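Below are the chains, spelled out letter by letter.
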Amino acid sequence: MIRRLLLTSAVLALAACGAEDSGAPETAPEPTPPPAASSTAPQLGAEGWGPLRIGMTRAEVVAALGEDANPEAVGGPDPASCDEFRPERAPEAMLVMIERDRLTRISLIRPSDVTTERGYGVGDPGDGIAAAYGAEAVREPHKYEPAPAGYITVWSRGGGAGYVEDPEARGLVFEVGQDGAVKAIRAGGPSIQYVEGCA
């Protein structure tokens with residue numbers, strides 16, 4: 001009797017193991033879209049981030065987030081016409097660009113909790129971002145690095161083909177590195193097209 005119970009238990013255990021393994025190969029999960037933008041955390045958009053709005057004066061930027069956190073660093077060859085710095089109370093990965101006393105650009109230069117309004121951040125795959133924006137996204141080769149490095153530009157106001165000079169234009173540039181991941185994001189006016197700081 002005991003022998004029969006042991007044999008029955010062994011058969012049932014083997015059957016259970018076989019039911020879990022159907023022999024079908026496992027497939028990779030489908031890629032998921034970026035997380036929905038949080039309603040409580042400030043998101044980076046073409047018009048600004050949190051308390052910063054493109055077009056603010058330098059004094060307004062300083063009132064909102066503090067002075068230059070590293071005043072000894074060189075932000076531009078002629079700070080009176082263009083300066084780039086991180087305000088004291090801004091996220092560590094964020095830089096602001098001031099041209100002729102106006103905020104023209106906000107940049108994320110390394111991974112951060114800050115994401116765009118669609119939930120994309122530094123480190124995300126460039127191909128996924130280009131696919132998400134579709135026809136709105138303009139891809140261009142990188143100035144210094146071979147493909148897949150490049151730039152993905154999305155204008156939300158103004159913009160168009162070629163170099164944009166309209167000061168009212170607003171958009172985003174996702175700079176993609178050789179590994180295919182976004183290594184910087186720039187938001188704002190025509191200065192988002194600069195690839196070397198103030199130039």
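Being a predicted model, the structure only gives us computed values, none of them experimental. (Residues numbered from 1 in each chain as written. Predicted model: local features only at pLDDT ≥ 70, side-chain atom pairs only at ≥ 80, totals over all residues. Heavy atoms only, no water.)

Asker: What is the right way to look at the confidence of the model for the protein chain in this model?
Answerer: Keep in mind that low pLDDT regions are not for reading the predicted coordinates in detail. Taken over all residues, the pLDDT of the protein chain has a mean of 85, while the share at 70 or more is 80%. Every residue in residues 1-32 scores below 50 in pLDDT, and together they form zero contacts with partners more than four places removed in sequence or on other chains. (pLDDT = per-residue confidence, 0-100. Contact = heavy atoms within 4.5 Å.)

Asker: Quick question: what am I supposed to make of the state of the cysteines here?
Answerer: Two cysteines, two sulfur atoms, one covalent bond between them: this is a disulfide. What the rule picks out here adds up to one disulfide. Across the disulfide from Cys-82 sits Cys-198; the S-S distance is 2.1 Å. Disulfide Cys-82-Cys-198: torsion about the S-S bond near -80 degrees, hence left-handed. With Cys-82 in strand β3 (residues 82-85) and Cys-198 in the segment after β9 (182-188), this pair connects stretches of sequence that are 116 residues apart. Owing to a relative accessible area of 6%, Cys-82 belongs among the buried residues under this scheme. (Disulfide = S-S within 2.5 Å. Helix = DSSP H or I, 4+ residues; strand = E, 2+ residues; numbered from the N terminus. Buried < 20%, exposed > 50% of the residue type's maximum accessible area, 1.4 Å probe, protein only.)

Asker: Quick question: what am I supposed to make of the packing of aromatic side chains here?
Answerer: The relative placement of two aromatic rings is captured by the distance of their centres and the angle of their planes. Scanning the entire structure with this criterion turns up two aromatic pairs. Measuring from ring centre to ring centre gives 6.4 Å for Tyr-120 and Tyr-133, while their planes differ by 45 degrees; the resulting arrangement is tilted. Here the residue Tyr-120 occupies a position in the loop between β5 (102-108) and α3 (126-133), and Tyr-133 occupies one in helix α3, the gap between them amounting to 13 residues. Each of the two residues, Tyr-120 as well as Tyr-133, counts as buried. Ring geometry for Tyr-133 against Phe-174: centres 6.0 Å apart, planes inclined by 45 degrees, an arrangement best described as tilted. (Phe/Tyr/Trp six-rings, centres within 6.5 Å; stacked < 30°, edge-to-face > 60°.)

Asker: How do you make sense of the nonpolar core when you look at a structure like this?
Answerer: Taken as a class, soluble globular proteins show a tendency for nonpolar side chains to be buried jointly. Counting 30 residues, the largest nonpolar core has Leu-44, Trp-49, Leu-52, Leu-103, Ile-106, Tyr-133 and Phe-174 as its most contacted members. When contributions to this core are tallied by element, the ones reaching two or more residues are α2 (58-65), β4 (94-99), β5, α3, β7 (150-157), β8 (170-176) and β9. Tyr-133 has contacts with Arg-118, Tyr-120, Val-154, Leu-172 and Phe-174, leaving out every residue within four places of it along the chain. In terms of nonpolar packing, the next biggest core, distinct from the first, is built from six residues, Tyr-151, Val-164, Val-173 and Ile-192 among them. (Core = buried A, V, L, I, M, F, W, Y, C linked by side-chain atoms within 4.5 Å.)

Asker: Even after reading the chapter, I still don't get the sheet that holds strand β6 (residues 137-141), so can you show me in this structure?
Answerer: Adjacent strands of a sheet pair through backbone hydrogen bonds, lying either parallel or antiparallel. Read from one edge to the other, the open sheet built from seven strands follows the order β3-β4-β5-β9-β8-β7-β6, with strand pairing classed as antiparallel. Whereas interior strands pair on both sides, the edge strands pair on one side only; in this sheet they are β3 and β6. Recorded for the sheet is a direction-independent mean angle of 20 degrees between the axes of neighbouring strands. Bridging between β6 and β7 involves five bridges; their strand directions are antiparallel. By the bridge assignment, Arg-139 is partnered in β7 with Ile-152. Running at roughly 155 degrees to β4, α2 makes contact with β3, β4 and β5 of the sheet. Along the sheet face, α3 touches β6, β7, β8 and β9 and points at about 145 degrees away from the line of β6. (Pairing = 2+ DSSP bridges. Axes fitted to C-alpha atoms, helices over the stretch in contact; angles between N-to-C directions.)

Asker: When you look at the side chain of Gln-43 in this model, what are you seeing that I'm missing?
Answerer: Within the fold, Gln-43 resides in the loop between α1 (2-20) and β1 (48-49). In this structure Gln-43 comes out as buried when scored by relative accessible area, which is 16%. Among the polar contacts listed, one links the side chain of Gln-43 to the side chain of Thr-115, at a separation of 2.6 Å. (Polar contact = N/O pair within 3.5 Å; in protein donor to acceptor, adjacent residues only side chain to side chain.)

Asker: Help me understand the pattern of salt bridges in this model?
Answerer: Pairing is possible between side chains of opposite charge, provided their charged atoms come close. Throughout the structure, instances matching the rule amount to 12 salt bridges. Among the salt bridges present, the one from Glu-47 reaches Arg-157, with a minimum N-O distance of 3.0 Å. Of this pair, Glu-47 sits in the loop between α1 and β1 while Arg-157 is found in strand β7, placing the two residues 110 residues apart along the sequence. When salt bridges that share partners are traced, they join Glu-47, Arg-157, Glu-168 and Arg-170 into one network. (Salt bridge = Lys/Arg side-chain N within 4 Å of Asp/Glu carboxyl O.)

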